Amino acid sequence: MESQFGIAHVWAQGDFVMRSVAILLLIMSIASWAVIIIKTLALVKYKKQARQAKDFWHSEDFSAGLSKLDTDPSNPFRYMALEGREAQSHHRKTSAHLHDALDISDWMTRSLRYCVDEFTARLQAGLAILASVGSTAPFVGLFGTVWGIYHALVAIGTSGQASIDKVAGPIGEALIMTAFGLAVAIPAVLGYNALVRGNKNVLNGLNTFAHDLHAYFVTGARVDSGQGHHNVSPIKKGA
C-alpha cells in the first residue's frame, strides 16, 4: 500500500507533463548542489589564501612575501600583488599613452580595482543559478501539484465517485510534487545565503590587501589602520 503514495508510483502513473516537471526539478537539484559543492570548495581555498596573505607583510622584501603566497595561479592575492608590481613598473618606464599621464596613486588604484572587480565576478559566477532555483523551484513543484490534482478531479468526475479512497491517492501523489519543489528550493536558498556571506568575508580581506598594496607601491610602506591614526610598516622593495 505504501508504494501507491511513493515517488515511483507518481512516476508510473504520471503523464508527460508530470514526468517533465519531475525531471526538471531533478535537473535543478543537481545543478544547485553542483554549484554549492564547487563554490564551497573554492571558498575554503580562498579563505586559506586570505590567511596566507596576512603573512605577506611579515617579510623582508616583496619577493619573500610572494613566496609565502600560494603559487596557485587562481590565487587572487598573489595575482593582485604581481599586477600591482607590474603597474608600478609600467607607470615608471613608459609615458606613451594617455593613461600614463595619471599619477602613480590613480594608476595603482585603477589597476588594483580591476583585480578586485575581476575576482568579484569570479566569486559571483554560478550564484545566479542558486537564486533562480531557489525562487522558481517551489512554483515548478506547485505546477506539478495543480496538474496532478486536475487529473485526479477529472478521474473522479469520470467515475462519478468521490469517496476518500478515490481522492486520497491521487491528491497525495500530486502533493509529492510540492514537497519535491521545496526540497529543491530550500538547499539552494540556504546555499546562496551562505556563499554570499563567505564571499563577502573574502572580498573584505582582498580589499584590505589592495589598500595595503596601494600604500606600499605608492609610498614604499604599508599603512595599518590604528585607533585614530595610521601606523606605517615599511617593507623593503624586492625584485
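Everything below is about the structure shown above.
Draft legend 1. Spotlight on the overall build of the chain. The secondary structure content of the chain amounts to seven helices and two strands. Listing each helix as α and each strand as β along the chain from the N terminus yields α-α-α-α-α-α-α-β-β. Taking all 239 residues of the chain together, 37% fall into the buried category. Intrachain contacts of the chain at a sequence separation of at least 6 include 70% that bridge at least 24 residues. Accessible surface, the chain as shown: approximately 13,800 Å² in total, 64% of it carbon and sulfur.

Draft legend 2. The arrangement of the pattern of salt bridges in detail. One pass over the full model with this rule turns up one salt bridge. Across the pair D117 and R113 runs a salt bridge whose closest N-O atoms are separated by 3.9 Å. With D117 and R113 both in helix α5 (residues 104–124) and four residues apart, this pair spans about one turn of that helix. With relative accessibility at 41%, the residue R113 sits in the partly exposed group.

Draft legend 3. The side chain of N199, seen in detail. Looking at the secondary structure, you find N199 in helix α7 (residues 164–219). Overall, the relative accessible area of 7% leaves N199 in the buried class. Those residues within four positions of N199 in sequence are excluded, and the remaining contacts are L43, L123 and L127.

Draft legend 4. The arrangement of the environment of V196 in detail. Relative to the helices and strands, V196 resides in helix α7. When its relative accessible area of 34% is taken as the criterion, V196 is described as partly exposed. For the pair V196 and L127, spaced 69 residues apart in sequence, the C-alpha to C-alpha distance is 8.3 Å.

Draft legend 5. Quick peek at the nonpolar core. Ranked by size, the top nonpolar core spans 45 residues in total, and within it L25, F56, M80, F209 and L213 carry the most contacts. Those elements that provide at least two residues to this core are α2 (16–54), α3 (62–67), α4 (76–93), α5, α6 (127–159) and α7. Here this core gets 13 residues from one element, more than from any other, and that element is α7. Contacts of L25, omitting those with residues within four sequence positions, involve A137, V140, G141, M177, F180, G181 and V184.

Draft legend 6. Looking closely at the packing of aromatic side chains. As enumerated under the stated definition, the model contains two aromatic pairs in all. Measuring from ring centre to ring centre gives 4.9 Å for Y46 and F119, while their planes differ by 85 degrees; the resulting arrangement is edge-to-face. Taken together, the residues Y46 in helix α2 and F119 in helix α5 connect sequence positions 73 residues apart. No difference in accessibility class separates Y46 from F119, as the two residues are buried. Measuring from centroid to centroid gives 5.5 Å for F77 and F209, while their planes differ by 75 degrees, and the two rings are edge-to-face. Pair noted here: F77 is in helix α4 and F209 is in helix α7, with a separation of 132 residues, a long-range link. F209 shares its class with F77; the two are buried.

Draft legend 7. Seen up close, a nonpolar patch on the surface. On the surface, W33, I37 and L41 cluster together to form a nonpolar patch covering roughly 330 Å² of accessible area. Mapped onto the secondary structure, I37 falls in helix α2. Overall, I37 belongs to the partly exposed group, its relative accessible area being 49%.

Draft legend 8. Region of the structure containing α5. Compared with an ideal rise of 1.5 Å per residue, which puts 21 residues at 30 Å, α5 spans 30 Å between its outermost C-alpha atoms and is within 8% of the ideal. Regarding α5, the residues found buried are W107, M108, S111, L112, C115, V116, F119, T120 and L123. Looking one or two residues past α5, G126 carries a phi angle of roughly 95 degrees, positive in sign.

Draft legend 9. Just a positive patch on the surface, in detail. Residues K47, K48, R51 and K54 make up a contiguous surface patch of positive charge. With respect to the element layout, K48 can be found in helix α2. A residue is classified by how much of its surface remains accessible, and K48, at 48% relative accessible area, is partly exposed.

Draft legend 10. Structural detail: the environment of A31. Among the structural elements, A31 can be located in helix α2. As for A31 and I129, which are separated by 98 residues in sequence, their C-alpha atoms are 7.6 Å apart.

What counts, and at which threshold
- Residues numbered from 1 in each chain as written.
- Predicted model: local features only at pLDDT ≥ 70, side-chain atom pairs only at ≥ 80, totals over all residues.
- Heavy atoms only, no water.
- Helix = DSSP H or I, 4+ residues; strand = E, 2+ residues; numbered from the N terminus.
- Buried < 20%, exposed > 50% of the residue type's maximum accessible area, 1.4 Å probe, protein only.
- Contact = heavy atoms within 4.5 Å.
- Areas by Shrake-Rupley, 256 points an atom, 1.4 Å probe, with all protein chains shown as cover.
- Salt bridge = Lys/Arg side-chain N within 4 Å of Asp/Glu carboxyl O.
- Core = buried A, V, L, I, M, F, W, Y, C linked by side-chain atoms within 4.5 Å.
- Phe/Tyr/Trp six-rings, centres within 6.5 Å; stacked < 30°, edge-to-face > 60°.
- Patch = residues over 30% accessible without salt bridge, like charges linked within 9 Å, V, L, I, M, F, W, Y side chains within 5 Å.
- Expected span 1.5 Å × (residues − 1).
- Lys, Arg positive; Asp, Glu negative; His and termini not counted.
- Charge placed at Lys NZ, Arg CZ, Asp CG, Glu CD.

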